[in-house]
Structures are given as structure tokens and as C-alpha cells.
Amino acid sequence: MSPVSIQTGTKLPEWELPITPTMVVSTAIATRDFQDVHHDRDIAQAAGSRDIFVNILTSTALCQKYVEDTLGHDVEIRGISIRLGAPAYPYDTLTFSGEVAEVRDGIAIVKVTGSVSLGAHVIGTVTVAVRAGAEA
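The chain goes by MaoC family dehydratase in an unreviewed UniProt entry, where it is assigned to Nocardioides acrostichi. Under the UniProt heading Sequence similarities (unreviewed entry), the note attached to the chain is "Belongs to the enoyl-CoA hydratase/isomerase family."

This next bit is on the UniProt feature "domain: MaoC-like" (unreviewed entry) in the chain. With numbering matched to this structure, UniProt assigns "domain: MaoC-like" (unreviewed entry) to residues 15-117. When the span residues 15-117 is considered, its composition is 31% helix and 34% strand, and the gap between its end C-alpha atoms is 15 Å.

Turning our attention to the nonpolar core. By size, the foremost hydrophobic cluster in this structure holds 31 residues, and its most contacted members are Ile-6, Ile-19, Val-67, Phe-96 and Val-112. Where this core is concerned, the elements lending two or more residues are strand 1 (11-18), helix 1 (21-30), helix 3 (56-71), strand 3 (93-104), strand 4 (107-116) and strand 5 (119-129). With five residues, the single largest contributor to this core is helix 3. Dropping the residues within four chain positions of it, Val-112 is found in contact with Cys-63, Tyr-66, Val-67, Phe-96, Ser-97, Gly-98, Val-122, Ile-123, Gly-124 and Val-126.

We now examine a nonpolar patch on the surface. On the surface, Ile-56, Leu-57 and Leu-84 cluster together to form a nonpolar patch covering roughly 260 Å² of accessible area. One can find Leu-84 in strand 2 (residues 76-84). For Leu-84, a relative accessible area of 39% corresponds to the partly exposed category.

So, about the side chain of His-38. Inspection of the secondary structure puts His-38 in the loop between helix 1 and helix 2 (41-46). You can call His-38 buried: its relative accessible area is 6%. Setting aside residues no more than four positions away along its own chain, His-38 makes contact with Val-24, Val-25, Ala-28, Asp-33, Ile-52, Phe-53, Val-54 and Asn-55.

A few words on helix 1. Count 3.6 residues to each turn of an α-helix, and residues three or four apart come out pointing the same way. All of the buried residues in helix 1 are Met-23, Val-24 and Ala-28. In a view along the axis of helix 1, the buried residues occupy a sector of 120 degrees, so they form one face of it. Among the exposed residues of helix 1, those pointing more than 90 degrees away from its buried face are Thr-22 and Ala-30. Structurally, helix 1 contributes buried residues whose contacts are with strand 1 and helix 3. One or two steps after helix 1, the chain reaches Arg-32, where phi turns positive at roughly 60 degrees.

Cut-offs and rules
Residues numbered from 1 in each chain as written. Predicted model: local features only at pLDDT ≥ 70, side-chain atom pairs only at ≥ 80, totals over all residues. Heavy atoms only, no water. UniProt positions renumbered as here; feature names shortened; annotations may be inferred. Helix = DSSP H or I, 4+ residues; strand = E, 2+ residues; numbered from the N terminus. Core = buried A, V, L, I, M, F, W, Y, C linked by side-chain atoms within 4.5 Å. Buried < 20%, exposed > 50% of the residue type's maximum accessible area, 1.4 Å probe, protein only. Contact = heavy atoms within 4.5 Å. Patch = residues over 30% accessible without salt bridge, like charges linked within 9 Å, V, L, I, M, F, W, Y side chains within 5 Å. Areas by Shrake-Rupley, 256 points an atom, 1.4 Å probe, with all protein chains shown as cover. Salt bridge = Lys/Arg side-chain N within 4 Å of Asp/Glu carboxyl O. Arc of directions from axis to C-beta.

Okay, structure coming up:
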């Protein structure tokens, strides 16, 4: 994905990420989240979930990756604010979309949504410092 222009109203291209059991378990472990509902299907189901599911730290990191991959890796992340919705289960696809909501004083606010078949999994904003020449 090549970087896009950082202007208010710019829509980011969608990014689709297949969710596998390995992805759910490995990202939970990588973020040091040993909560059993992220790696043990039987325990997750006993707790009322359909399956294991993506943890919040992974969802946050995926929002960051989406914005950095789209706007360019030299952007400086200044903040991420998210809210979780529908669980992201294995064998589904997490589809990210976004839009530059505001650019002011060298700072851009990017609205991000990550959706699964059950609806919005993560909704939020990623705040980035705009590099010189990126704002048109």
C-alpha cells in the first residue's frame, strides 16, 4: 500500500485481515495477555463466547498498523483512542476502513473502523503528526 495524501476528507483504502486461531493466540501471548479466553476455546465457550477472540491490545496495534501502512511509516503516532464492539473470532475477516477527519497545526485525526461479520469490532481515532510536505 503506498502512502496517501493527508488531507481532511481523505478516505483510506480498506485493509482485510483474515483472523486465524494462530493469530488470536499468538498476538495475545505477544502482548503478554494470558487471559484464557484468548487461547482456550473450551474456557471461552464456558464463559459464554462463541470462540476465542482478539484481545484489545491486538486491536489497538492493528489500528496503528493500518494507519501507518496507509499514511507512511514515518508518521509519528501521537495517540490512539478506541472502543471495542463485536468480538473478532477466528475464521472471520477483520476489515479496516478510515478517513482523515481533521488536519490542523500539523496534527491529523484519522477515524478508523475495523469490522467483522458481526459488525464493528473496533471504532476509534488515531492521532498522527503530519510530516512536512504531506499535507496538501
